[in-house]
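Coordinates in review
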Amino acid sequence: MHGAAQLKVALEDCLSAENEARCRKRLEPNAALYQKDKGKSWASVLVCLCTVGGDTAFLFTLRSSMLKGRHKGDVCFAGGKKDPADQDVVATALREAREELGVTVRADQVWGVLKPLRDLSGMMIAPVLANLGPLEALSFRPNPSEVEEIFTLTLAHVCNPVNQGYTNFRTGDRYGYTLPVFRNGKHRVWGLTAIALDHTLKIIVSP
């Protein structure tokens, strides 16, 4: 089995109990990476798997254009900075999802935490992976001051090479760095959200 046929099987098996167990085991060591920074400030995002009409998908939000700052109107996963009451990066992600989307994600729906990312300010960003289950069974109450829109992209869409690309950024007058971008959906996925999605795909789509 090669190429497209192999990918098709991997996509179909993504949410299977066997693949979930494999992903949980692979993600488990990452928890220790956050222990040394436990006293520092962090932010978490909830990378949400779900199903839409039986197809595996990712849930995204479009940040409100009324927000202040450079990220207003951007595509992102639900998330934000830790509160003093948050025990760990998972607690931050689940609380932010509840505040932004109006849905409660249980701790047992969390598969694990990916390796930390850093934003331009140097803050640690923790991508927390969870499976929300069928989207049709959820009732969202998005916070209009933070969320302009909720939308999904199927796993098949983001895994299609036609919809994947890279953006080169310059630092001054020279090449700086390259980041992934996901195109041809309702909205373009780029920046840290695209990095978190790219890292997630490498985990959940078994080779």
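Everything that follows concerns the structure shown earlier in this document.
Note that the structure is predicted; figures quoted are calculated from it, not measured.

**Side note on the overall build of the chain**
Looking only at helices and strands, the chain features five helices and 10 strands. As displayed, the chain offers around 11200 Å² of accessible surface, 55% of which is attributable to carbon and sulfur atoms.

**Digging into the packing of aromatic side chains**
Under the definition given, this model contains two aromatic pairs. When the ring of Phe60 is compared with that of Phe151, the centres are 5.5 Å apart and the planes differ by 20°; the resulting orientation is stacked. You can see Phe60 sitting in strand β2 (residues 55–63) and its partner Phe151 sitting in strand β8 (residues 147–154), a full 91 residues away along the chain. Among the residues examined, Phe60 registers a relative accessible area of 0% and is labelled buried. The exposure class of Phe151 is buried, given its relative accessible area of 6%. Among the aromatic residues, ring-to-ring pairing joins Phe60, Phe77 and Phe151 into one connected group. In this arrangement the basic side chain of Lys82 is found over the ring face of Trp42, its NZ or CZ atom lying 4.3 Å from the centre.

Reading the values: the criteria
Residues numbered from 1 in each chain as written. Predicted model: local features only at pLDDT ≥ 70, side-chain atom pairs only at ≥ 80, totals over all residues. Heavy atoms only, no water. Helix = DSSP H or I, 4+ residues; strand = E, 2+ residues; numbered from the N terminus. Areas by Shrake-Rupley, 256 points an atom, 1.4 Å probe, with all protein chains shown as cover. Phe/Tyr/Trp six-rings, centres within 6.5 Å; stacked < 30°, edge-to-face > 60°. Buried < 20%, exposed > 50% of the residue type's maximum accessible area, 1.4 Å probe, protein only. Lys NZ or Arg CZ within 6 Å of the ring centre and 35° of its normal.

Remember, this is a structural readout, not a statement about activity or role.
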